[in-house]
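Report on the structure
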Amino acid sequence: MFEWSDTDLMVRDAVRQFIDKEIRPHLDELETGALSPYPIARKLFSQFGLDVMAAESVKSMLERERAKQAGEAAAENGDGAGGFGAGGAQASMMAVVVSELSGVSIGLLSTASVSIGLGAATIMSRGTLAQKERWLPDLMTLKKIAAWAITEPDSGSDAFGGMKTSVKRDGEDYILNGQKTFITNGPYADVLVVYAKLDEGDAAVDKRNRPVLIFVLDAGMPGLTQGKPFKKMGMMSSPTGELFFDNVRLTPDRLLGENPHRSGGDGRDSARDNFAAERIGIAMMALGIINECHRLCVDYAKTRTLWGKNIGQFQLIQLKLAKMEIARMNVQNMVFQTIERQQAGKPLTLAEASAIKLYSSEAATDVAMDAVQLFGGNGYMAEYRVEQLARDAKSLMIYAGSNEVQVTHIAKGLLS
């Protein structure tokens, strides 16, 4: 793949029309939190028929699973999301949608992508038929919003080893205690996918190596507190907050994956699969920010005059534009390669996804900071939007695992 298809370009133009009509006029309210991102995300799904597509995909997937459980022949076609994943021809269209939204409101995009790509996807991959029937129809259509909770105050990069949130068995049930932080959609999520260590009371078992279980909680459960949204540097249109668990009673039907008491099942593999997908998504987000900075800077260089000349005629300005173009080409080619690998059924390894995340997030941040510099004093003002893009871009170097951690994953891949 070396360029967007005609269909991709049609999708791009339609998304841009939606953005110009429904998002750009409300950016200030989104950035301050005065306007919730969820109605806009649902309107996007509705206008492009994504809600109908998702509903049909979930329905088909559930029917196939029911047929298999009943002992009937069921065709093994479609991807794990019932045709609503990012595989096949849909991969490039999804990349277009993600990059276009990222260039305007990466926070708005994050609310939807975390809900579906992490929250619903974990239920899709780990849940029983009953669990999928219970939660997926509303989550995949954005009728309900999900949070995916793994990060804790003392276990950001050391997500599993430093995890303190724990569950203890109480008869057939589990009792959950602990705290999560930096949770996208945390303040307002309807459904929460929560990772916790199993505490069997055996002091001989190293706390770092205890099994990790995954549970699905619903908002309003006794003992669950969803904190207020944080004030952040960037991604301000995405509500992010803390979760607190005080003796939350969880019945067995809320446990995702195999029962660890039977077969030693563990939630680490599920999280690692999500890490790779999340890091690939960062490249698409970075491409959107780079594209928007590139567009704004080229236009500004053509119209801003200094000493009687358009600033685009000065060599130092040309150098910044040239570096932006190189970054745009490199990150876009990485996205194209990822799409080709997905279509060929050869997904990226975690190390490869980490390498793409590391480079693309640094490239987006460099481009955005250069954009602020190119705009001069105007670039420091919120109305010119490059200020927002610079704040949003920086989040990509921390989001989905800090870039320092990506270095470790890349090196392990090389040395293994």
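Heads up: the structure comes first, above all this text.
Residues numbered from 1 in each chain as written. Predicted model: local features only at pLDDT ≥ 70, side-chain atom pairs only at ≥ 80, totals over all residues. Heavy atoms only, no water.

**Quick notes on empty space enclosed by the protein**
For the record, the criterion: Residues are said to line a cavity or pocket when one of their atoms sits within 4 Å of a point; the points come from a 1 Å grid over protein atoms alone, cavities being sets where a 1.4 Å probe fits but cannot get out and pockets being open sets with protein on both sides within 12 Å along at least five of seven lines. Grid points are joined across faces, edges and corners, and a volume is the space filled by probe spheres set on the points. Each helix is a run of H or I in the DSSP string that is no shorter than four residues. Each strand is a run of E no shorter than two, and both are numbered from the N terminus. Residue polarity is assigned by list, with Asp, Glu, Lys and Arg as charged and Ala, Val, Leu, Ile, Met, Phe, Trp, Tyr, Cys and Pro as nonpolar; anything else, Gly included, falls into the polar class. Domain delimitation in this document rests on an assignment produced automatically or drawn from a domain database.
Inspection of the entire model under this criterion finds two cavities of 30 Å³ or more. In this structure, the largest cavity occupies an estimated 50 Å³ of space. If you trace the largest cavity, you find it lined by R24, L27, G103, V104, E292, L296, R385, Q388 and L389. Among the secondary structure elements, those contributing two or more residues to the lining of the largest cavity are α5 (90-126), α8 (268-303) and α11 (386-395). Considered class by class, the residues forming the lining of the largest cavity number four nonpolar, two polar and three charged. Here the lining of the largest cavity spans two domains, since at least three of its residues come from each of domain 1 (6-73 + 82-145) and domain 3 (268-415).

**Focus on the packing of helix α4 (residues 50-69) against helix α6 (residues 129-140)**
In a packed pair of helices, the relevant descriptors are the angle between the two axes and the axis-to-axis distance. What counts is decided by this rule: Think of each axis as a best-fit line through the C-alpha atoms, taken over the contacting stretch in the case of a helix, with angles from 0 to 180 degrees between the N-to-C directions. Roughly parallel means an angle under 35 degrees; roughly antiparallel, over 145; roughly perpendicular, 65 to 115; everything else is oblique. A contact between two residues is defined here by any heavy atoms of the two lying within 4.5 Å.
One way to put it is that α4 packs onto α6 with a least axis distance of 9 Å and a crossing angle of 170 degrees. In terms of orientation, α4 and α6 fall into the roughly antiparallel class. Mapping the contact onto sequence places A54, V58, M61, L62, E65, R66 and Q69 in α4 and L129, K132, E133, L136, P137 and M140 in α6. For the contact of α4 with α6, the class distribution of residues is eight nonpolar, one polar and four charged.

**Overview of a nonpolar patch on the surface**
Rules: Only residues whose relative accessible area exceeds 30% and that form no salt bridge are eligible for patches; like-charged ones are grouped when within 9 Å, while nonpolar side chains (Val, Leu, Ile, Met, Phe, Trp, Tyr) are grouped when within 5 Å. Note that accessible areas follow from Shrake-Rupley with a 1.4 Å probe, and for residues the cover is restricted to the protein chains shown. Only one rule defines a salt bridge in this text: a Lys or Arg side-chain nitrogen within 4 Å of an Asp or Glu carboxyl oxygen.
Together, Y380, M381 and Y384 line one region of the surface with nonpolar side chains, adding up to about 350 Å² of accessible area. Counting through the fold element by element, Y380 comes out in the loop between α10 (350-375) and α11.

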